[in-house]
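Structural overview for review
Residues per chain are reported as follows:
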Amino acid sequence: MGETILITGVSSGLGHGLAKTYLEHGAIVYGCSRREPKDLIEAGLRFQSIDLKDQAKAEPSFGKLIESADHFDCVILNAAKLGEIRDMAATPLSDLRETMEINVWANKWLLDTLFAKISSIRQIIGISSGASQSCSRGWNGYSLSKGALNSLVKLYAGEQPATHFTALAPGLVDTEMQDYLTALPKDDRYKPLEILKAAKGTEKMPDGATCAARLIETFPKLLERPSGEFADIRAL
């Protein structure tokens, strides 16, 4: 493959699957997450432990991670926080602020650092969600933050015409997030939960590695679409 790739949130789930698949195809892969993915590091991942909600400590560490790179073929902004499924009125502002910090504002300083230090970035993909469009009851901070991420991606697309941007919803992926969601008790207020429970363990909800393989095939096709768009893989 011969590409140089950067992925945030590589310790588990989709980010881990993407990093593993790219490494298996011979790409140079840079990654960050709070937890250390030892198997990926052994496979050649260039890794830095970073807590995205702590910008003061995280930003210098991220700069150190990418200091040996002169370009990226693809940057995948994958790291995110779901938050607790509950009504908006029951959600503390402190929780919403942390969700926005990780899912939106961290991506702002990540992008600023990248464009300040890296001479060429071909493609940037912000991992979004169908929740950014549906705003289902209970998905409060997650829906808000993913909607804001879509806007952030579009705003940067207008400022950086040499780089192609997409906010991409990857569809259902069997991750720790889904483990939490599908273990919740039935609650008629939060209707998507039953859909997720029915999908878990079926081909409708592939694991991170399976989804990653599909996404990596899709990423080049996104370059044919206008930069800055929201896209859902299920509609491509």
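Residues numbered from 1 in each chain as written. Predicted model: local features only at pLDDT ≥ 70, side-chain atom pairs only at ≥ 80, totals over all residues. Heavy atoms only, no water.

A few points about the overall build of the protein
Rules: Only DSSP runs of H or I with at least four residues qualify as helices, and only runs of E with at least two residues qualify as strands; both kinds are numbered from the N terminus onward. Radius of gyration: over C-alpha atoms. The globule rule applied is 2.2 Å multiplied by the number of residues raised to the 0.38 power. Here the term buried applies to any residue with accessible area under 20% of the maximum for its type, exposed to any over 50%, and partly exposed to those in between, with areas from a 1.4 Å probe on protein chains only. Contacts were defined at the residue level, with two residues in contact if any of their heavy atoms lie within 4.5 Å. Charged residues are defined here as Lys and Arg on the positive side and Asp and Glu on the negative side; His and the ends of the chain fall outside this count. To locate a charge, the coordinates of NZ of Lys, CZ of Arg, CG of Asp or CD of Glu are taken.
From N to C terminus, the protein includes 9 helices and 7 strands. For the protein, whose C-alpha radius of gyration is 17 Å, the value lies close to the compact-globule estimate of 18 Å for 236 residues. Projected onto the principal axes, the alpha-carbon positions of the protein cover approximately 50 × 35 × 35 Å. The buried share among the 236 residues of the protein stands at 52%. In the protein, the proportion of contacts linking residues at least 24 apart, taken out of those at least 6 apart, comes to 68%. Across the protein, the mean location of the 27 positive side-chain charges is 4 Å away from that of the 30 negative side-chain charges.

Section: the layout of surface pockets
What counts here: Site definitions follow a grid-based scheme: protein atoms alone, a 1 Å grid, a 1.4 Å probe that fits but cannot get out for cavities, and for pockets an open set with protein on both sides within 12 Å along at least five of seven lines, plus lining residues having an atom within 4 Å of a point. Grid points are joined across faces, edges and corners, and a volume is the space filled by probe spheres set on the points.
Roughly 1300 Å³ of internal volume is contained in the largest pocket. Along the wall of the largest pocket there are 48 residues; nearest its centre are Ala 80, Leu 82, Tyr 142, Thr 175 and Met 177. Taken together, the elements giving at least two residues each to the lining of the largest pocket come down to α1 (13-24), β2 (28-33), α4 (93-117), α5 (131-134), α6 (140-159), α7 (176-182) and α8 (192-199). Residue contributions to the lining of the largest pocket peak at 4 residues, all from α7.

Considering α6
Cut-off, in case you're wondering: Helix span, as expected, comes to 1.5 Å for every residue beyond the first.
The terminal C-alpha atoms of α6 lie 29 Å apart, and with 20 residues this matches the ideal 28 Å at 1.5 Å per residue to within 8%. Turning to α6, the residues buried within the fold contact α4, β5 (120-127), α5, β6 (164-169), α7 and β7 (229-232).

Focus on the packing of aromatic side chains
Spelled out, the test is: Only the six-membered ring of Trp is used, alongside the rings of Phe and Tyr, when aromatic pairs are assigned; centres must lie within 6.5 Å, and planes under 30 degrees apart are stacked while those over 60 apart are edge-to-face, with the rest tilted.
Inspection of every chain in the model, using the stated rule, returns 3 aromatic pairs. Each ring, one from Tyr 30 and one from Phe 72, has its centre 5.4 Å from the other, and the planes form 85°; the classification is edge-to-face. Placement of Tyr 30 in strand β2 and of Phe 72 in strand β4 (residues 71-77) is noted, with a sequence separation of 42 residues between them. Assessed through its relative accessible area of 2%, Tyr 30 is described here as buried. For Phe 72, a relative accessible area of 1% translates into the label buried. When the ring of Phe 115 is compared with that of Phe 165, the centres are 6.2 Å apart and the planes differ by 35°; the resulting orientation is tilted. Residue Phe 115 is found in helix α4, and its partner Phe 165 is found in strand β6; the two are separated by 50 residues along the sequence.

Details of α8
Keep this limit in mind: Here the arc refers to the set of directions running from the helix axis out to each C-beta atom.
When we look at burial in α8, the residues that qualify are Leu 193, Leu 196 and Ala 199. Buried residues of α8 fall within an arc of 130° about the axis and therefore sit on the same side. Those residues of α8 that are exposed and aimed more than 90 degrees away from the buried face are Ile 195 and Ala 198. Packed against the buried residues of α8 are α7. Of the residues one or two after α8, Gly 201 is the one with positive phi, at around 85°.

What about the nonpolar core?
This is how the line gets drawn: Throughout, nonpolar core names a set of buried Ala, Val, Leu, Ile, Met, Phe, Trp, Tyr and Cys residues whose side chains join them through atoms within 4.5 Å.
Among the nonpolar cores identified, the biggest contains 29 residues, and Leu 6, Phe 62, Ile 66, Phe 72, Val 75 and Leu 114 are the most heavily contacted of them. The set of elements that each furnish at least two residues to this core consists of β2, α3 (55-65), β4, α4, β5, α6 and β6. The contacts of Leu 6, once residues within four sequence positions are left out, are Tyr 30, Gly 31, Phe 62, Leu 65, Ile 66, Phe 72, Cys 74, Val 75, Ile 76 and Leu 114. By size, the runner-up hydrophobic cluster in this structure holds 27 residues, among which are Ile 5, Val 173, Leu 222 and Ala 231.

So, the packing of α4 against α6
When two helices pack together, their arrangement is given by the angle between their axes and by how far apart the axes lie. Inclusion rule: Lines are fitted to the C-alpha atoms to define the axes, a helix being fitted only along its stretch in contact, and any angle between axes, read from their N-to-C directions, falls within 0 to 180 degrees. Any angle that falls under 35 degrees is termed roughly parallel, while one over 145 is termed roughly antiparallel, one within 65 to 115 roughly perpendicular, and all others oblique. Crossings are classed by handedness, with left-handed meaning an anticlockwise turn of the near helix from the far one by less than a right angle and right-handed meaning a clockwise turn. Asp, Glu, Lys and Arg are counted as charged, while Ala, Val, Leu, Ile, Met, Phe, Trp, Tyr, Cys and Pro are counted as nonpolar; the rest, among them Gly, fall into the polar class.
The geometry of α4 relative to α6 is characterised by a closest axis approach of 8 Å and an angle of 15° between their N-to-C directions. Judged on the interaxial angle alone, α6 and α4 are roughly parallel. Classified by chirality, the crossing of α6 by α4 is right-handed. In this structure, α4 uses Leu 96, Thr 99, Met 100, Asn 103, Val 104, Asn 107, Lys 108, Leu 111 and Asp 112 to contact α6, whose residues at the interface are Asn 140, Gly 141, Tyr 142, Leu 144, Ser 145, Ala 148, Leu 149, Leu 152 and Tyr 156. Of the residues belonging to the contact of α4 with α6, the class tally is 10 nonpolar, 6 polar and 2 charged.

From the geometry alone we can't say anything about function, so treat these as descriptive.
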